[in-house]
Amino acid sequence: MPAGPEEKVNLLGLDRSGLERFFVDLGEKPFRARQMLQWIHQRAVTDYDEMTDLSLALRQRLAERAKIEPPRIISEQCSEDGTVKWLMATEGGNAVETVYIPEPSRGTLCISSQVGCMLNCTFCSTATQGFSRNLTAAEIVGQVWLAATTLGHERHGQRRITNVVFMGMGEPMLNLEAVRPALGILRDDLAYGLASRRVTISTAGVIPGIDSMSEGVEFALAVSLHAAENELRSRLVPLNRKYPVEDLIAACKRYTAGNHRRSVTFEYTMIEGVNDRPEHARALVRRLSCLPCKINLIPFNPFPGTPFRCSSDEAIYEFQKITRAAGLITTVRKTRGEDIDAACGQLVGKLLTPSQRRQLVQQQLARQAVAS
Ligand code: SAH
């Protein structure tokens, strides 16, 4: 739907060039973009009246034309291990989840790019929810803005959020129109200033997305592989029928060829009796021997209704051993926030249908409106 004349643009989702265009359209100098980025993202100011280096007249025009509106938090859960999960309301009565994972040397924020997902990976709980819509850039950046303002930008002189991963709900490569500016804002020194290796885009293998993102912008690429052979991978990740493994690996090679510092992280969820045997590990080694990469083994996280189970510790260890012996760097991801269902693939409220979720969001918002 085209934006009506009365619709205000949400400045939270504009990167530097988007803000420059916005200010030039207002008859202002482009450098206003720099001021606005700092006010919004570094000082967390959303009220134009506090933006003291802007003239009163400009502040008034901003109030007429634009808004700075982050999503609202409708619930916050803290895990025993320090992981925090927020359910954030988005326009239209939907909600997405955002997870903060603190570790001694870094703090990772896992953000969503779509409401639900359309890829139907058979072992992922987000798939059970279906697809509702793409998030806007403001809603994507809004998750980071909210987490940073809620947690505080710094603690003991250290940044709280050092890494951002697009590994929440949705397929980021199918929403590049919003992911691109969001990435620009995360990387911008006047906003979050994250280095390229600290912003990871994870994809189930959307080749055109990988190719178009490989040019120009820098980011870390993660690919959800889960199987090295087409037959098995197509069963786990139906998108594989469209973009088969050999083509996907070729796209990954093109990505790494663009810059000698680039490497791909392959995510591999370990599912008992499905993809966790030594022959699967050997097939993986054959596929990946030709490009700079590392493997991240993710113990499968069960959710209600799934027929799958997590591989045993022995199977995971054996799998890791085989890939390491072949010279690949293989790590096993620690499962975090299990007690609050914040682990990979569990980013959906238990047993809630989309309409139940919408109802929950409406109820929570109504309660907040009464409380405030
Ligand atoms: N659509 C993107 C972003 C989601 S990232 C992608 O597929 O990469 C979420 C990661 O967790 C993916 O690697 C996904 O395959 C994995 N995952 C999904 N469900 C899981 C589960 N139940 N247990 C462990 N990992 C899971």
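Look a little higher up for the structure.
Just so it is clear, the structure is predicted and the values come from calculations on it, not from any experiment.

(A) Spotlight on the environment of Val 332. Following the sequence through the fold, Val 332 ends up in strand E16 (residues 329-332). Sequence-wise, Val 332 and Gln 320 are twelve residues apart; in three dimensions their C-alpha atoms are separated by 7.9 Å. In this view, Val 332 contacts Asn 296, Leu 297, Pro 299, Ile 316 and Gln 320; residues no more than four positions away in its chain are not counted.

(B) Seen up close, unusual backbone geometry. In this structure, Asn 120 is a non-glycine residue whose phi angle is positive, near 55 degrees. Assignment of secondary structure puts Asn 120 in the loop between strand E7 (114-116) and strand E8 (131-134). Within the chain, His 226 stands out as a residue other than glycine whose phi angle is a positive 70 degrees. With respect to the element layout, His 226 can be found in the loop between strand E13 (220-224) and helix H7 (230-236). The class for His 226 is buried, based on a relative accessible area of 4%.

(C) Layout of the sheet that holds E13. Strand order in this open sheet of ten strands is E3-E4-E5-E6-E11-E12-E13-E14-E15-E16, and the pairing throughout is mixed. The sheet is open, and its two borders are formed by strand E3 (72-78) and E16, each paired with just one other strand. Taking each pair of neighbouring strands and ignoring which way they run, the sheet shows an average axis angle of 20 degrees. Two strands pair when backbone bridges link them, and strand E14 (residues 264-270) and strand E15 (residues 293-299) are joined in this way by seven bridges, in the parallel orientation. Considered in E15, the bridge of Thr 269 is made with Ile 298. Lying on the sheet, helix H10 (residues 313-325) is in contact with E14, E15 and E16; it crosses E16 at an angle near 165 degrees.

(D) Broad picture of the nonpolar core. Core analysis: the biggest nonpolar cluster contains 105 residues, and Leu 11, Met 36, Leu 62, Phe 266 and Leu 288 have the highest contact counts within it. If you count residues domain by domain, this core takes at least three from each of domain 1 (9-67) and domain 2 (72-357). Residue contacts for Leu 62: discarding those within four places in its chain leaves Leu 11, Phe 22, Phe 23, Leu 26, Met 36, Tyr 48 and Leu 54.

(E) Layout of the packing of helix H4 (residues 137-151) against helix H5 (residues 176-187). Running from N to C, H4 and H5 cross one another at 35 degrees; their axes reach a closest spacing of 8 Å. Our pair here, H4 against H5, has a crossing hand that is right-handed. Touching Ala 137, Ile 140, Val 141 and Val 144 of H4 are Ala 178, Val 179, Pro 181, Ala 182, Ile 185 and Leu 186, all from H5.

(F) Region of the structure containing the site of the ligand. In the vicinity of the ligand there are 21 residues, among which Phe 123, Ser 202, Ser 224, His 226 and Asn 301 approach most closely. Between the ligand and Ser 224, the relevant distance is 2.6 Å, taken from an oxygen atom to a side-chain nitrogen or oxygen of the residue. Note that a nitrogen atom of the ligand is positioned 3.2 Å from one of the side-chain N or O atoms of Thr 269. In the complex, 95% of the free accessible area of the ligand, which totals 540 Å², lies under the protein chains. Residue assignment for the shell around the ligand shows that the elements contributing at least two residues are strand E12 (199-203), E14 and E15. Classifying every residue of the shell around the ligand by side-chain character gives ten nonpolar, nine polar and two charged.

(G) Fine view of helix H8 (residues 245-257). Here H8 spans 18 Å end to end across 13 residues, near enough to the 18 Å set by a 1.5 Å rise per residue. Of the residues making up H8, those classed as buried are Val 245, Leu 248, Ile 249, Ala 251, Cys 252, Tyr 255 and Thr 256. Down the axis of H8, the buried side of the element spans an arc of 155 degrees, and every buried residue falls inside it. Looking at the buried side of H8, the elements it contacts are helix H6 (207-214), E13, H7, E14 and helix H9 (278-288).

(H) Inspection of the pattern of salt bridges at higher detail. Inspection of the entire model under this criterion finds 17 salt bridges. Close ionic contact of Asp 188 with Arg 16 constitutes a salt bridge, the shortest N to O distance being 2.7 Å. Of the two residues, Asp 188 is situated in the loop between H5 and E12 and Arg 16 in helix H1 (residues 16-25); the sequence distance between them amounts to 172 residues. For Asp 188, a relative accessible area of 10% gives the class buried. Among the ionic pairs, Glu 69 bridges to Lys 67, the shortest N-O distance being 3.8 Å.

(I) Spatial organisation of the pairing of E15. Here E15 lies mainly inside the structure; six of its seven residues are buried. Each parallel crossover has a hand, and for E14 linked through H9 to E15 it is right-handed. Where E15 meets E16, four bridges bridge the pair, whose relative direction is parallel. Following the sheet pairing, Lys 294 is matched in E16 by Ile 329. For the crossover that starts at E15, traverses H10 and ends in the parallel E16, the hand is right-handed.

Rules and cut-offs
Residues numbered from 1 in each chain as written. Predicted model: local features only at pLDDT ≥ 70, side-chain atom pairs only at ≥ 80, totals over all residues. Heavy atoms only, no water. Helix = DSSP H or I, 4+ residues; strand = E, 2+ residues; numbered from the N terminus. Contact = heavy atoms within 4.5 Å. Buried < 20%, exposed > 50% of the residue type's maximum accessible area, 1.4 Å probe, protein only. Pairing = 2+ DSSP bridges. Axes fitted to C-alpha atoms, helices over the stretch in contact; angles between N-to-C directions. Core = buried A, V, L, I, M, F, W, Y, C linked by side-chain atoms within 4.5 Å. Domains from an automatic or database assignment. Left-handed = near helix turned anticlockwise from the far one by under 90°. Near = heavy atom within 4 Å. Polar contact = N/O pair within 3.5 Å; in protein donor to acceptor, adjacent residues only side chain to side chain. Areas by Shrake-Rupley, 256 points an atom, 1.4 Å probe, with all protein chains shown as cover. Nonpolar A, V, L, I, M, F, W, Y, C, P; charged D, E, K, R; others polar. Expected span 1.5 Å × (residues − 1). Arc of directions from axis to C-beta. Salt bridge = Lys/Arg side-chain N within 4 Å of Asp/Glu carboxyl O. Right-handed = clockwise from strand over helix to strand, strands pointing away.

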